[in-house]
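A look at the structure
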Amino acid sequence: MTKLPNCPECNSEYAYEDRGMLVCPECGHEWNVASESSAPAEEGLVVKDANGNLLADGDTITVIKDLKVKGASNPLKMGTRVKNIRLVEGDHNIDCKIDGFGAMKLKSEFVKKI
Ligand SMILES: [Zn+2]
């Protein structure tokens, strides 16, 4: 018998398989078995914009609200276009370069795909 992976949410080792899904009895998290074993983590990166559309490397997005930028005197204005984004892991999951600000990271929940 192969050992099932620990729960990605709470790291519980008591996850069990149920109809093709893994289920954690401790926190209730469910996830897909196939995505754990087949694709490497790098390709499993799923980043969605404020409307729930999937984003991809090279996409152009607009900012949907004014965002404060650390170290900058002006906020990043709502409606700012950002070209050629790159998806990364983490809380701020979009890596990009913005005129007047330079390289920075954005949260996908504050952007919209064009
Ligand atoms: Zn869990």
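The following refers to the structure shown. Everything quoted here is computed from the prediction, not taken from an experiment. (Residues numbered from 1 in each chain as written. Predicted model: local features only at pLDDT ≥ 70, side-chain atom pairs only at ≥ 80, totals over all residues. Heavy atoms only, no water.)

1. Observations concerning the side chain of Ser12
Convention followed: Where helices and strands are cited, they refer to DSSP runs of H or I of at least four residues and of E of at least two residues respectively, numbered from the N terminus. Each residue's exposure class comes from its accessible area (1.4 Å probe, protein chains only) as a fraction of the maximum for that residue type: buried when under 20%, exposed when over 50%, partly exposed otherwise. Counted as a polar contact is a pair of N or O atoms within 3.5 Å, where, for protein atoms, one must be capable of donating a hydrogen and the other of accepting one, and residues adjacent in sequence contribute only when both atoms are in side chains. In what follows, residue pairs with any heavy atoms lying within 4.5 Å of each other are defined as contacts.
Note on placement: Ser12 falls in the segment before strand E1 (16-18). Taking the relative accessible area as the measure of exposure, Ser12 reaches 5% and is therefore buried. In terms of polar contacts, Ser12 uses its side chain to reach the backbone amide nitrogen of Tyr14, at 3.1 Å. Among residues more than four places away in sequence, those in contact with Ser12 are Asn6, Cys7, Cys24 and Glu26.

2. Considering the sheet that holds strand E2 (residues 21-23)
To be explicit about the condition: A pair of strands is considered paired only if DSSP assigns at least 2 bridges between the two. What counts as an axis is a line fitted to C-alpha atoms, over the stretch in contact for a helix, and the angles between N-to-C directions run from 0 to 180 degrees.
Taken in spatial order, the three strands make up an open sheet running E1-E2-E3, and their pairing is antiparallel. The outermost strands of the open sheet, each flanked by one partner alone, are E1 and strand E3 (30-32). Averaged over all pairs of adjacent strands, the angle between strand axes in this sheet comes to 35°, irrespective of strand direction. Note that E1 and E2 share three bridges and pair antiparallel. Residue pairing across strands places Glu17 opposite Leu22, the latter belonging to E2.

3. Some words on the coordination of the zinc ion
Six octahedrally arranged donors around a metal ideally form angles of 90 or 180 degrees; four tetrahedrally arranged donors ideally form angles of 109.5 degrees. Just so we agree on the cut-off: The donor set comprises N, O and S atoms within 2.8 Å of the metal, extended to 3.2 Å for Na, K and Ca; water molecules are omitted, so apparent gaps in a site may simply reflect that omission. Here the metal geometry follows the donor angles, with tetrahedral for four donors whose angles all fall between 85 and 135 degrees, square planar for four and octahedral for six when opposite donors are more than 155 degrees apart and every other angle is between 65 and 115, and irregular for all the rest.
Protein ligation of the zinc ion involves Cys7 (SG), Cys10 (SG), Cys24 (SG) and Cys27 (SG), the donor distances falling in the range 2.2 to 2.3 Å. For the zinc ion, the four donor atoms in the first shell make angles of 107 to 113° at the metal, so the coordination geometry reads as tetrahedral. As a motif over one chain, the donors of the zinc ion read C-x2-C-x13-C-x2-C. With Cys7 in the segment before E1 and Cys27 in the loop between E2 and E3, this residue pair connects regions lying 20 residues apart in the sequence.

4. Description of unusual backbone geometry
Although it is not a glycine, Asn11 sits at a positive phi angle of roughly 65°. The exposure class of Asn11 is exposed, given its relative accessible area of 54%. Despite not being glycine, Arg19 has its phi angle at roughly 50°, a positive value. Of note, Arg19 is situated in the loop between E1 and E2.

Limitation: the analysis is restricted to geometry and does not speak to function.
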